Amino acid sequence: MSVLQATALDAGYRSDSPVVRGIDLSVDRGEIVALLGPNGAGKTTLLETLSGLLPRLGGAVSVDGNPVRPGDPRAAVRAGLVLVPDDRALFRGLTCEQNLRLAVGSYRRADVAAGLAQAREWFPALDKRMKVAAGQVSGGEQQMLAIARALLQRPKVLLIDELSMGLAPVIVESILPVLRGVAASEGTAIVLVEQHVRLALDVADRAVVLVHGNIAFECPATELAADLGRLESAYLGTSAPA
Ligand SMILES: Nc1ncnc2c1ncn2[C@@H]1O[C@H](COP(=O)(O)OP(=O)(O)OP(=O)(O)O)[C@@H](O)[C@H]1O
Ligand SMILES: [Mg+2]
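Computed from a predicted model, the values in this text were never measured in an experiment.

Asker: For this particular structure, what's the right way to read the nonpolar core?
Answerer: For soluble globular proteins, the rule of thumb is that nonpolar side chains tend to be buried together. Core analysis: the largest hydrophobic core is formed by 76 residues, its most contacted members being Val33, Ala148, Leu159, Ile190 and Leu192. The leading source of residues in this core is helix α5 (residues 139–152), at eight residues. When residues of this core are sorted by domain, at least three fall in each of domain 1 (1–80 + 155–242) and domain 2 (89–154). In this structure Ile190 touches Ile32, Val33, Leu158, Ile160, Leu179 and Ala183, once residues within four positions along its chain are discounted.

Below, the structure is given as structure tokens:
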């Protein structure tokens, strides 16, 4: 049963030349989709449009069957769509704990401590960093913080842009199992944009490949992992039509 459903979605900056054109994307409960594509394909534009940061140029988006108002980030969050942007968007002058507390603002008071404890459990590396300014912790810790902050908002759909940007593979490998675990235990649907194709396909159920603003193809992650040449052909525009 799909949680996120985007239909005939046009996205971009100018309605006379959308960056992303007429795409259909659905993601099931507990499913992890790796959104792959070359630079400039429109991955960030798509995620920003789904999360209401960019106005939608056309098409419909729904979460659990409920339409999401276009171009309204608060409405998207209320609907359960939460974005971890490629720049992480942390409050760098606030401590890690203060950043997390911003995400648990809607919790009942008794649940706040449990939420913060949950963040430490997901990412033990954050435990000793809670009183340190977010701008002063390592890049890996910043990404963990950004993901923990997003997860504490209990998203139905988590969108993550450039998970591994600037991070050592060992850090990424410690983050991915957390995503897998949350998808399995909470049923969170996850869309992951990740340049490190191998890592992405390892954790994902399905790959969706975006080229020049169109979905070139989609397939099970294991299928693509076994034939990475298919990705190269799609990027180069030499793939045979399906
Ligand atoms: N602020 C902007 N104004 C106008 N056009 C933009 C803007 N940001 C991006 N674009 C254009 O939109 C297209 C898609 O960019 P987008 O950032 O969505 O791609 P991407 O797939 O995320 O690429 P990358 O892998 O480099 O992050 C590109 O042609 C880009 O030049
Ligand atoms: Mg991008």
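Moving on from the model shown.
Asker: I keep staring at the sheet that holds strand β2 (residues 20–28) and nothing clicks. Help me out?
Answerer: Consider a sheet: its strands pair through backbone hydrogen bonds, and that pairing is either parallel or antiparallel. Strand order across the open sheet formed by four strands is β2-β1-β4-β5, with antiparallel pairing between neighbours. Strands with a single pairing partner mark the edges of an open sheet, and in this sheet they are β2 and β5 (66–67). With six bridges joining them, strand β1 (residues 2–11) and β2 adopt antiparallel strand pairing. What sits directly across from Gln5, in β2, is Ser26. Sheet contacts for helix α1 (residues 43–50): β1, β2 and β4 (56–63); angle to β1, the most-contacted strand, approximately 115°.

What counts, and where the lines are drawn
- Numbering of residues starts from 1 in every chain and runs along the sequence as written.
- Each chain gets a letter, beginning with A, and each ligand a number, beginning with 1, in the order they are written.
- Side-chain atom pairs in this predicted model are given and counted only at pLDDT of 80 or more, local residue features only at pLDDT of at least 70, and totals for whole chains, interfaces and linings cover all residues.
- Structurally, a nonpolar core is described as a collection of buried Ala, Val, Leu, Ile, Met, Phe, Trp, Tyr and Cys residues joined by way of C-beta atoms within 7 Å.
- Here exposure depends only on C-beta density: within 10 Å of a residue's C-beta, 20 or more other C-beta atoms make it buried, 12 or fewer make it exposed, and intermediate numbers make it partly exposed, the C-beta atoms being placed from the backbone.
- Secondary structure elements are defined from DSSP: runs of H or I of at least 4 residues count as helices, runs of E of at least 2 residues count as strands, and each element is numbered from the N terminus.
- Marked domain ranges trace back to an automatic or database domain assignment.
- Residues are treated as contacting if the C-beta atoms built from their backbones sit within 7 Å of each other.
- When DSSP finds at least two bridges between two strands, those strands are taken to pair.
- In this analysis, axes come from line fits to C-alpha atoms, helices being fitted only over the stretch in contact, and the angle between any two N-to-C directions falls in the range 0 to 180 degrees.

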